Amino acid sequence: MSVQTSRNFTRRPTSGEQLVMKFETDAFAMTSDHILTDERPGLSGSTSDAELQLNRGRHSDKSPATGRPSDGIRLLSCETCGERFQKQCLLMRHLRTHTGEKPYACETCSKRFSRQDSLLVHMRTHTGEKPYACETCGKSFRQHSTLSAHMRTHTGEKPYSCDICGKTFNAQSTMLCHMKAHMGEKPYSCEMCGKSNTSHFNLLVHMRTHTGEKPYSCELCGKSFSQHSTLLVHMRTHTGEKPYSCEMCGKSFSLHCTLNDLTVHMRSHTGEKPYSCKTCGKSFSRQSNLLVHMRRHTGEKPYSCETCGKKFGQHSVWKRHLRTHSGVKMYSCDICGRGFSMQGNLSVHIRTHTGEKPYCCKMCGKSFSLQCNLLRHIKTHAGQKLYSC
């Protein structure tokens, strides 16, 4: 005979020293057979209330979800994966990871979530609310977990390490994304070009290269960027902030781990050149320099002038060339006011005022303000005739 208890919990003693439990609510109905067997000899037939209490204590002495004693609280099990929970609300929330149910919808953009707390965090993207502030620099965040990860940028703590290469990270999500690069796992593909990405976030950023979307704008100059991190780096051009310093020479940098940054600068001290040309074996400290060098072998010149049709292998050289057509002279001499389209030409011009001659002949000691003049002079020592009839 079944015994009806409070909260719609039905227990029915059966033979074979087993207890079948059924848990029901108005919002959700779940039937699950949880076998609680009393292994003491000499017990048979119906399970008494005293035996039920004993079984409850034996099989629920610790909660797998928390690792703490459950104090006799009956645990509810997930039929799919077997994980057990002390409360019905925790079990129901867990079940959504299997069913994909997302009952909480954002009233602003209709995006749905499986958890109410996830919806509350998402709502802050619309309201702009950032209740968690860093006590060191004042930066605010929408989530406490993001603040915790940010604090490690001040302390230098990187508690998450890659099991394959040993690289450490201050956020677990960054480490997991890095691990996918080792395994070759790129589950997020672009529908427009087919490029695969290791994370959904990287895919969203990549999509902006197709759409041209640049949602992050500088309040000082109006320049827009596709990534928030790029905007933060750009802001340092206005503030002059250079938070990363070289321990060997003290030089400061606005960036730590991208182009023209501290990481690349350190190679000028160590002599490290990790990027090698497969054609001629020449090594470079920057990957960008290797790519430019490879064009000497391939003959590729991807940058073309629309005015005169001249092509270039480097983006910086192409940009300088464009100024010869536009007449823009961005660099001016502080002494005489003369303008130049290229910074290198300004540097050479300044020497006419200072008298500086940095290029010295090792054979006779004569100095020159231009390297090309030094090279021409060296040929006079070699007996070469510079000009022939």
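Residues numbered from 1 in each chain as written. Predicted model: local features only at pLDDT ≥ 70, side-chain atom pairs only at ≥ 80, totals over all residues. Heavy atoms only, no water.

**Regarding the overall build of the protein**
Okay, so step 1: Broken down by element type, the protein carries 12 helices and 26 strands.
Okay, so step 2: When the 389 residues of the protein are sorted by exposure, 23% land in the buried category.
Okay, so step 3: Pairs at least 24 residues apart make up 7% of the contacts formed inside the protein by residues separated by at least 6 positions.
Okay, so step 4: Only carbon and sulfur atoms are counted for the fraction: they give 50% of the accessible area of the protein, which is about 26,800 Å². (Helix = DSSP H or I, 4+ residues; strand = E, 2+ residues; numbered from the N terminus. Buried < 20%, exposed > 50% of the residue type's maximum accessible area, 1.4 Å probe, protein only. Contact = heavy atoms within 4.5 Å. Areas by Shrake-Rupley, 256 points an atom, 1.4 Å probe, with all protein chains shown as cover.)

**A word on the pattern of salt bridges**
Okay, so step 1: In the structure shown here, the tally under the stated rule is six salt bridges.
Okay, so step 2: R115 is the salt-bridge partner of D117, the closest N and O atoms lying 2.9 Å from each other.
Okay, so step 3: Given a relative accessible area of 36%, D117 falls into the partly exposed group.
Okay, so step 4: For R115, a relative accessible area of 31% corresponds to the partly exposed category.
Okay, so step 5: E213 is paired through a salt bridge with R208; the nearest N and O atoms lie 3.9 Å apart.
Okay, so step 6: Look at E213 and you get partly exposed, because its relative accessible area is 42%. (Salt bridge = Lys/Arg side-chain N within 4 Å of Asp/Glu carboxyl O.)

**Notes on the side chain of R208**
Okay, so step 1: Within the element layout of this structure, R208 appears in helix α6 (residues 200-211).
Okay, so step 2: Not counting residues up to four positions away in its chain, the partners in contact with R208 are E213, P215, Y216, S226 and Q227.

**Let's talk about helix α8 (residues 262-270)**
Okay, so step 1: Among all positions in α8, only L262, V264, H265 and R267 are buried.
Okay, so step 2: For α8, the secondary structure elements touched by its buried residues are β17 (244-245), β18 (252-253) and β19 (275-276).
Okay, so step 3: Phi turns positive one or two residues past the end of α8, at G271, with a value near 75 degrees.

**Focus on the packing of aromatic side chains**
The description of an aromatic ring pair uses the distance of the two centres, along with the angle that the planes make with each other.
Okay, so step 1: As enumerated under the stated definition, the model contains one aromatic pair in all.
Okay, so step 2: Here Y303 and W318 contribute two aromatic rings whose centre-to-centre distance is 6.0 Å and whose plane-to-plane angle is 25 degrees, an arrangement assigned as stacked. Residue Y303 is located in strand β21 (residues 303-304), and its partner W318 is located in helix α10 (residues 315-326); the two are separated by 15 residues in the primary sequence. (Phe/Tyr/Trp six-rings, centres within 6.5 Å; stacked < 30°, edge-to-face > 60°.)

**Side note on the side chain of H206**
Okay, so step 1: Topologically, H206 is positioned in helix α6.
Okay, so step 2: With residues up to four places along the chain from it excluded, the contact list for H206 reads C190, C193, K195 and N197.

**A short note on unusual backbone geometry**
Okay, so step 1: Here the phi dihedral of S110 falls at roughly 70 degrees; this positive angle occurs in a residue that is not glycine.
Okay, so step 2: Examined against the element boundaries, S110 turns out to sit in the loop between β7 (104-105) and β8 (112-113).
Okay, so step 3: Judged by its relative accessible area of 53%, S110 falls in the exposed class.

**With respect to the confidence of the model for the protein**
The predicted coordinates ought not to be read in detail in places where the model reports low pLDDT.
Okay, so step 1: Residues with a pLDDT of 70 or more make up 78% of the protein, whose mean pLDDT is 78.
Okay, so step 2: Here residues 1-70 is modelled with pLDDT under 50, and outside its nearest four sequence neighbours on either side it reaches 111 contacts, counting other chains as well. (pLDDT = per-residue confidence, 0-100.)

**A look at the environment of D163**
Okay, so step 1: Tracing the chain through its elements places D163 in the loop between β11 (160-161) and β12 (168-169).
Okay, so step 2: On the accessibility criterion, D163 (72% relative accessible area) is exposed.
Okay, so step 3: Taking the C-alpha atoms as reference points, D163 and M179, separated by 16 residues in sequence, lie 8.4 Å from one another.

**Details of the state of the cysteines**
Okay, so step 1: Tallied over the entire structure, the rule returns zero disulfides.
Okay, so step 2: Unpaired in this structure, C162 has its nearest cysteine sulfur neighbour in C165, at a distance of 3.7 Å.
Okay, so step 3: Classification of C162 by relative accessible area gives buried; the value is 3%. (Disulfide = S-S within 2.5 Å.)

**Looking at the environment of F284**
Okay, so step 1: Mapped onto the secondary structure, F284 falls in strand β20 (residues 283-284).
Okay, so step 2: When near neighbours in sequence (up to four residues on either side) are disregarded, F284 contacts K273, P274, Y275, N289, L290 and H293.

**Overview of the environment of H238**
Okay, so step 1: Relative to the assigned elements, H238 resides in helix α7 (residues 228-239).
Okay, so step 2: Sequence separation between H238 and L220 is 18 residues; the distance between their C-alpha atoms is 8.0 Å.
Okay, so step 3: Apart from the residues lying within four places of it in its own chain, the contact partners of H238 are C218, L220 and C221.
Okay, so step 4: Among the polar contacts listed, one links the side chain of H238 to the side chain of H234, at a separation of 3.2 Å. (Polar contact = N/O pair within 3.5 Å; in protein donor to acceptor, adjacent residues only side chain to side chain.)

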